[in-house]
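Chain by chain, the residues run as shown.
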Amino acid sequence: MNTGGAIALVAGANRGLGRAFARGLLAHGARTVYAAAHDTKAVTGAGLTPLVLDITDPASVAAAAERCPDTTLVVNNAGIQRDGSLLTADSLDGARDELETNLFGKLAMCRAFAPVLGKNDGGALINALSVLSWHTLPQIGSSKATAWSMTNAVREDRRAQDTLTIAVHAAFIDTDIAAHVDQTKISPADVVDQVLDAVEAVREEAPAEDVTRQARAMLSRGANHDH
(Lines give C-alpha, C1' and ligand atoms only; values in the text may rest on other atoms or scores of the structure.)
Protein backbone atom coordinates (compact mmCIF):
# COMPACT_ATOMS: atom_id res chain seq x y z
CA MET A 1 0.00 0.00 0.00
CA ASN A 2 1.26 3.47 -0.89
CA THR A 3 1.01 5.96 2.01
CA GLY A 4 1.18 8.86 -0.41
CA GLY A 5 -2.37 10.07 -0.98
CA ALA A 6 -3.74 8.09 1.97
CA ILE A 7 -6.72 9.27 3.99
CA ALA A 8 -5.51 8.50 7.49
CA LEU A 9 -7.06 8.53 10.94
CA VAL A 10 -4.75 8.58 13.97
CA ALA A 11 -6.23 7.84 17.40
CA GLY A 12 -4.44 9.47 20.31
CA ALA A 13 -2.93 12.13 18.03
CA ASN A 14 -2.62 14.76 20.76
CA ARG A 15 0.76 13.62 22.08
CA GLY A 16 3.67 11.19 21.91
CA LEU A 17 3.63 8.49 19.26
CA GLY A 18 0.19 9.49 17.98
CA ARG A 19 1.33 13.07 17.33
CA ALA A 20 4.41 11.72 15.53
CA PHE A 21 2.20 9.47 13.39
CA ALA A 22 -0.07 12.36 12.43
CA ARG A 23 2.81 14.59 11.40
CA GLY A 24 4.77 11.75 9.81
CA LEU A 25 1.84 10.74 7.62
CA LEU A 26 1.57 14.27 6.28
CA ALA A 27 5.30 14.28 5.61
CA HIS A 28 4.90 11.00 3.69
CA GLY A 29 2.26 12.55 1.47
CA ALA A 30 -1.04 11.60 3.10
CA ARG A 31 -3.83 13.62 1.55
CA THR A 32 -5.83 13.93 4.80
CA VAL A 33 -4.96 13.13 8.40
CA TYR A 34 -7.83 12.98 10.88
CA ALA A 35 -6.06 13.70 14.18
CA ALA A 36 -8.29 12.17 16.84
CA ALA A 37 -8.20 12.81 20.58
CA HIS A 38 -10.45 13.31 23.61
CA ASP A 39 -9.58 17.00 23.59
CA THR A 40 -8.85 18.37 20.13
CA LYS A 41 -7.42 21.56 21.63
CA ALA A 42 -4.29 19.49 22.26
CA VAL A 43 -4.01 18.52 18.58
CA THR A 44 -1.30 20.68 17.03
CA GLY A 45 0.27 20.75 13.61
CA ALA A 46 -0.51 22.42 10.32
CA GLY A 47 -2.59 20.42 7.89
CA LEU A 48 -4.25 18.14 10.44
CA THR A 49 -8.01 17.69 10.69
CA PRO A 50 -8.97 17.48 14.40
CA LEU A 51 -11.51 14.83 15.36
CA VAL A 52 -13.07 14.20 18.78
CA LEU A 53 -12.71 10.53 19.70
CA ASP A 54 -12.89 8.42 22.86
CA ILE A 55 -12.19 4.82 21.90
CA THR A 56 -13.83 3.54 25.12
CA ASP A 57 -17.14 5.20 24.14
CA PRO A 58 -19.04 3.17 21.49
CA ALA A 59 -21.05 6.22 20.40
CA SER A 60 -17.86 8.23 19.88
CA VAL A 61 -16.24 5.45 17.83
CA ALA A 62 -19.37 5.05 15.69
CA ALA A 63 -19.54 8.81 15.10
CA ALA A 64 -15.90 8.86 13.99
CA ALA A 65 -16.47 6.06 11.49
CA GLU A 66 -19.55 7.86 10.14
CA ARG A 67 -17.71 11.17 9.82
CA CYS A 68 -14.65 9.62 8.11
CA PRO A 69 -16.02 7.18 5.50
CA ASP A 70 -13.11 7.92 3.14
CA THR A 71 -10.47 6.56 5.53
CA THR A 72 -7.91 4.24 3.95
CA LEU A 73 -5.43 3.94 6.83
CA VAL A 74 -6.18 3.73 10.56
CA VAL A 75 -3.53 4.14 13.25
CA ASN A 76 -5.11 2.56 16.33
CA ASN A 77 -2.71 4.23 18.76
CA ALA A 78 -4.66 5.33 21.84
CA GLY A 79 -3.65 3.40 24.95
CA ILE A 80 -2.96 3.62 28.68
CA GLN A 81 -0.69 2.01 31.25
CA ARG A 82 -1.62 1.36 34.89
CA ASP A 83 1.42 0.06 36.74
CA GLY A 84 0.82 -2.32 39.63
CA SER A 85 1.08 -6.01 40.37
CA LEU A 86 -1.80 -8.12 39.12
CA LEU A 87 -1.74 -10.05 42.40
CA THR A 88 -1.04 -7.38 45.05
CA ALA A 89 -2.63 -4.18 43.69
CA ASP A 90 -5.36 -2.80 45.98
CA SER A 91 -8.03 -3.71 43.42
CA LEU A 92 -8.58 -4.92 39.88
CA ASP A 93 -9.44 -1.40 38.73
CA GLY A 94 -6.09 -0.79 37.02
CA ALA A 95 -6.24 -4.07 35.11
CA ARG A 96 -9.81 -3.36 34.06
CA ASP A 97 -8.88 0.16 32.89
CA GLU A 98 -6.06 -1.20 30.75
CA LEU A 99 -8.25 -3.85 29.16
CA GLU A 100 -11.05 -1.36 28.54
CA THR A 101 -8.75 0.86 26.50
CA ASN A 102 -5.94 -1.34 25.20
CA LEU A 103 -8.11 -4.31 24.26
CA PHE A 104 -11.78 -3.41 24.01
CA GLY A 105 -11.21 0.17 22.85
CA LYS A 106 -8.84 -0.95 20.12
CA LEU A 107 -11.24 -3.74 19.17
CA ALA A 108 -14.11 -1.24 18.93
CA MET A 109 -12.02 0.78 16.47
CA CYS A 110 -11.27 -2.35 14.45
CA ARG A 111 -14.95 -3.27 14.33
CA ALA A 112 -16.03 0.22 13.29
CA PHE A 113 -13.37 0.86 10.66
CA ALA A 114 -12.90 -2.60 9.13
CA PRO A 115 -16.02 -2.11 6.94
CA VAL A 116 -14.85 1.42 6.04
CA LEU A 117 -11.45 0.11 4.93
CA GLY A 118 -13.13 -2.72 3.03
CA LYS A 119 -15.15 -0.22 1.00
CA ASN A 120 -11.94 1.67 0.25
CA ASP A 121 -9.99 -1.17 -1.39
CA GLY A 122 -8.84 -2.77 1.87
CA GLY A 123 -6.47 -0.13 3.18
CA ALA A 124 -4.36 -0.62 6.30
CA LEU A 125 -5.08 -1.02 10.00
CA ILE A 126 -2.17 -0.33 12.35
CA ASN A 127 -2.46 -1.41 15.98
CA ALA A 128 0.15 0.19 18.26
CA LEU A 129 1.10 -2.41 20.87
CA SER A 130 4.33 -2.97 22.82
CA VAL A 131 7.24 -5.30 23.56
CA LEU A 132 4.93 -6.31 26.43
CA SER A 133 2.98 -8.27 23.84
CA TRP A 134 5.78 -10.83 24.20
CA HIS A 135 7.59 -10.06 27.46
CA THR A 136 5.71 -10.07 30.76
CA LEU A 137 6.65 -8.04 33.84
CA PRO A 138 4.95 -8.71 37.19
CA GLN A 139 4.35 -5.00 37.86
CA ILE A 140 2.63 -4.38 34.52
CA GLY A 141 -0.56 -6.03 33.30
CA SER A 142 -1.12 -8.27 30.30
CA SER A 143 -3.37 -6.05 28.16
CA LYS A 144 -0.82 -5.69 25.33
CA ALA A 145 -0.51 -9.48 25.01
CA THR A 146 -4.27 -9.83 24.71
CA ALA A 147 -4.33 -6.94 22.22
CA TRP A 148 -1.72 -8.73 20.10
CA SER A 149 -3.87 -11.87 20.04
CA MET A 150 -6.88 -9.74 19.09
CA THR A 151 -4.87 -8.09 16.30
CA ASN A 152 -3.92 -11.50 14.88
CA ALA A 153 -7.58 -12.53 14.88
CA VAL A 154 -8.66 -9.30 13.18
CA ARG A 155 -5.95 -9.78 10.54
CA GLU A 156 -7.23 -13.22 9.62
CA ASP A 157 -10.85 -12.05 9.68
CA ARG A 158 -10.20 -9.19 7.25
CA ARG A 159 -7.60 -10.82 5.02
CA ALA A 160 -10.26 -11.61 2.40
CA GLN A 161 -10.99 -7.90 1.95
CA ASP A 162 -7.26 -7.15 1.48
CA THR A 163 -6.89 -5.08 4.64
CA LEU A 164 -3.26 -4.99 5.73
CA THR A 165 -3.27 -5.35 9.54
CA ILE A 166 0.02 -4.39 11.19
CA ALA A 167 1.01 -4.92 14.82
CA VAL A 168 3.55 -2.34 16.04
CA HIS A 169 5.79 -3.31 18.96
CA ALA A 170 8.36 -1.20 20.79
CA ALA A 171 10.07 -1.08 24.17
CA PHE A 172 10.74 2.43 25.46
CA ILE A 173 9.71 5.28 23.18
CA ASP A 174 10.89 8.79 24.02
CA THR A 175 7.49 10.19 25.04
CA ASP A 176 5.88 11.53 28.20
CA ILE A 177 4.75 8.07 29.30
CA ALA A 178 8.40 6.90 29.48
CA ALA A 179 9.85 10.13 30.85
CA HIS A 180 10.67 8.48 34.19
CA VAL A 181 12.52 5.56 32.59
CA ASP A 182 16.33 5.63 32.59
CA GLN A 183 16.81 3.33 29.61
CA THR A 184 17.69 3.68 25.95
CA LYS A 185 14.67 5.05 24.09
CA ILE A 186 13.73 5.14 20.45
CA SER A 187 12.36 8.36 18.99
CA PRO A 188 8.67 8.45 17.99
CA ALA A 189 9.66 9.66 14.51
CA ASP A 190 11.89 6.60 14.05
CA VAL A 191 9.02 4.28 15.00
CA VAL A 192 6.72 6.05 12.55
CA ASP A 193 9.22 5.77 9.70
CA GLN A 194 9.61 2.03 10.32
CA VAL A 195 5.86 1.46 10.47
CA LEU A 196 5.18 3.40 7.28
CA ASP A 197 7.96 1.41 5.62
CA ALA A 198 6.11 -1.73 6.78
CA VAL A 199 2.92 -0.41 5.16
CA GLU A 200 4.74 0.14 1.87
CA ALA A 201 6.41 -3.29 2.05
CA VAL A 202 3.20 -5.08 3.20
CA ARG A 203 4.74 -6.44 6.41
CA GLU A 204 2.29 -7.53 9.11
CA GLU A 205 4.48 -6.87 12.17
CA ALA A 206 6.79 -3.97 12.94
CA PRO A 207 9.14 -4.53 15.90
CA ALA A 208 10.87 -1.19 16.34
CA GLU A 209 14.29 -1.95 17.83
CA ASP A 210 16.66 -4.73 18.89
CA VAL A 211 15.16 -5.26 22.36
CA THR A 212 11.76 -5.88 20.83
CA ARG A 213 13.10 -8.03 18.00
CA GLN A 214 14.94 -10.19 20.54
CA ALA A 215 11.77 -10.59 22.62
CA ARG A 216 9.94 -11.71 19.48
CA ALA A 217 12.66 -14.23 18.67
CA MET A 218 12.48 -15.68 22.20
CA LEU A 219 8.90 -16.83 21.62
CA SER A 220 10.07 -19.72 19.46
CA ARG A 221 12.55 -20.85 22.13
CA GLY A 222 9.98 -21.18 24.89
CA ALA A 223 10.34 -20.30 28.56
CA ASN A 224 13.08 -22.00 30.54
CA HIS A 225 12.97 -21.05 34.21
CA ASP A 226 14.70 -22.67 37.17
CA HIS A 227 12.40 -23.72 40.00
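Residues numbered from 1 in each chain as written. Predicted model: local features only at pLDDT ≥ 70, side-chain atom pairs only at ≥ 80, totals over all residues. Heavy atoms only, no water.

Peer 1: How would you summarise the overall build of the protein if you had to cite specific residues and measurements?
Peer 2: Within the protein, the regular secondary structure consists of six helices and seven strands. Scaling as 2.2 N^0.38, a compact globule of 227 residues should have a C-alpha radius of gyration of about 17 Å, and the protein matches this with 17 Å. Principal-axis analysis of the C-alpha atoms gives the protein an extent of 55 × 35 × 35 Å. Excluding contacts between residues fewer than 6 apart, the proportion of contacts in the protein whose partners are at least 24 apart in sequence is 66%. By element, 51% of the accessible surface of the protein is carried by carbon and sulfur atoms, the whole surface being about 11500 Å². Looking at the protein, you have 20 positive and 27 negative side-chain charges, and the mean spots of the two groups are 3 Å apart. (Helix = DSSP H or I, 4+ residues; strand = E, 2+ residues; numbered from the N terminus. Rg over C-alpha atoms; globule rule 2.2 N^0.38 Å. Contact = heavy atoms within 4.5 Å. Areas by Shrake-Rupley, 256 points an atom, 1.4 Å probe, with all protein chains shown as cover. Lys, Arg positive; Asp, Glu negative; His and termini not counted. Charge placed at Lys NZ, Arg CZ, Asp CG, Glu CD.)

Peer 1: Can you lay out unusual backbone geometry for me, pointing to particular residues and giving the numbers?
Peer 2: What you tend to see is this: most non-glycine residues have negative phi, and most peptide bonds are trans. Positioned with a positive phi, Asp162 is a non-glycine residue whose angle comes to about 65 degrees. Within the secondary structure layout, Asp162 lies in the loop between helix H4 (143–158) and strand S6 (164–169). Residue class for Asp162 comes out exposed when judged on its relative accessible area of 60%. One non-glycine residue, Val202, adopts positive backbone phi at about 60 degrees. (Buried < 20%, exposed > 50% of the residue type's maximum accessible area, 1.4 Å probe, protein only.)

Peer 1: Tell me about the pairing of strand S2 (residues 32–37), and name the residues and values.
Peer 2: Across a regular strand the side chains alternate sides, sitting on one face of the sheet and then on the other. Here S2 lies mainly inside the structure; six of its six residues are buried. With burial as the criterion, each face of S2 is covered, one bearing Thr32, Tyr34 and Ala36 and the other bearing Val33, Ala35 and Ala37. As paired strands, strand S1 (residues 7–11) and S2 are joined by five bridges and run parallel to one another. Among the inter-strand pairings, Ile7 is bridged to a residue of S2, identified as Thr32. Handedness of the β-α-β unit built from S1, helix H1 (residues 16–27) and S2 comes out right-handed. (Pairing = 2+ DSSP bridges. Right-handed = clockwise from strand over helix to strand, strands pointing away.)

Peer 1: Could you give an account of a negative patch on the surface, with specific residues and numbers?
Peer 2: Together, Asp190, Asp193, Asp197 and Glu200 give the surface a local cluster of negative charge. Note on placement: Glu200 falls in helix H5 (residues 188–201). Residue classification places Glu200 among the partly exposed positions, given a relative accessible area of 39%. (Patch = residues over 30% accessible without salt bridge, like charges linked within 9 Å, V, L, I, M, F, W, Y side chains within 5 Å. Salt bridge = Lys/Arg side-chain N within 4 Å of Asp/Glu carboxyl O.)

Peer 1: Give me the lowdown on the nonpolar core, citing residues and values where you can.
Peer 2: Formed by 32 residues in total, the largest nonpolar core has its most connected members in Val10, Leu25, Val33, Leu73, Ile126, Ile166 and Val191. Elements supplying a minimum of two residues to this core: S1, H1, S2, strand S4 (73–76), strand S5 (124–128), S6 and H5. Among the elements that make up this core, the one with the highest residue count is H5 (six residues). In contact with Leu25, not counting residues within four places along its chain, are Ala8, Val10, Ala30, Val33, Leu73, Val75 and Leu196. Judged by nonpolar contacts, the second largest core, of 23 residues, contains Ala11, Ala36, Leu53 and Phe113. (Core = buried A, V, L, I, M, F, W, Y, C linked by side-chain atoms within 4.5 Å.)

Peer 1: Outline the sheet that holds strand S3 (residues 49–52), listing residues and values.
Peer 2: What the seven strands build is an open sheet, ordered S3-S2-S1-S4-S5-S6-S7; its pairing is parallel. Lying at the two open borders of the sheet, with one neighbouring strand each, are S3 and strand S7 (205–207). In this sheet, neighbouring strand axes are inclined to one another by 20 degrees on average, regardless of whether the strands run parallel or antiparallel. Pairing between S6 and S7: three bridges, direction parallel. Paired with Ala167 across the two strands is Glu205, which belongs to S7. Each of S4, S5, S6 and S7 is contacted by H5, which is oriented at about 155 degrees to S6, the strand it contacts most. (Axes fitted to C-alpha atoms, helices over the stretch in contact; angles between N-to-C directions.)

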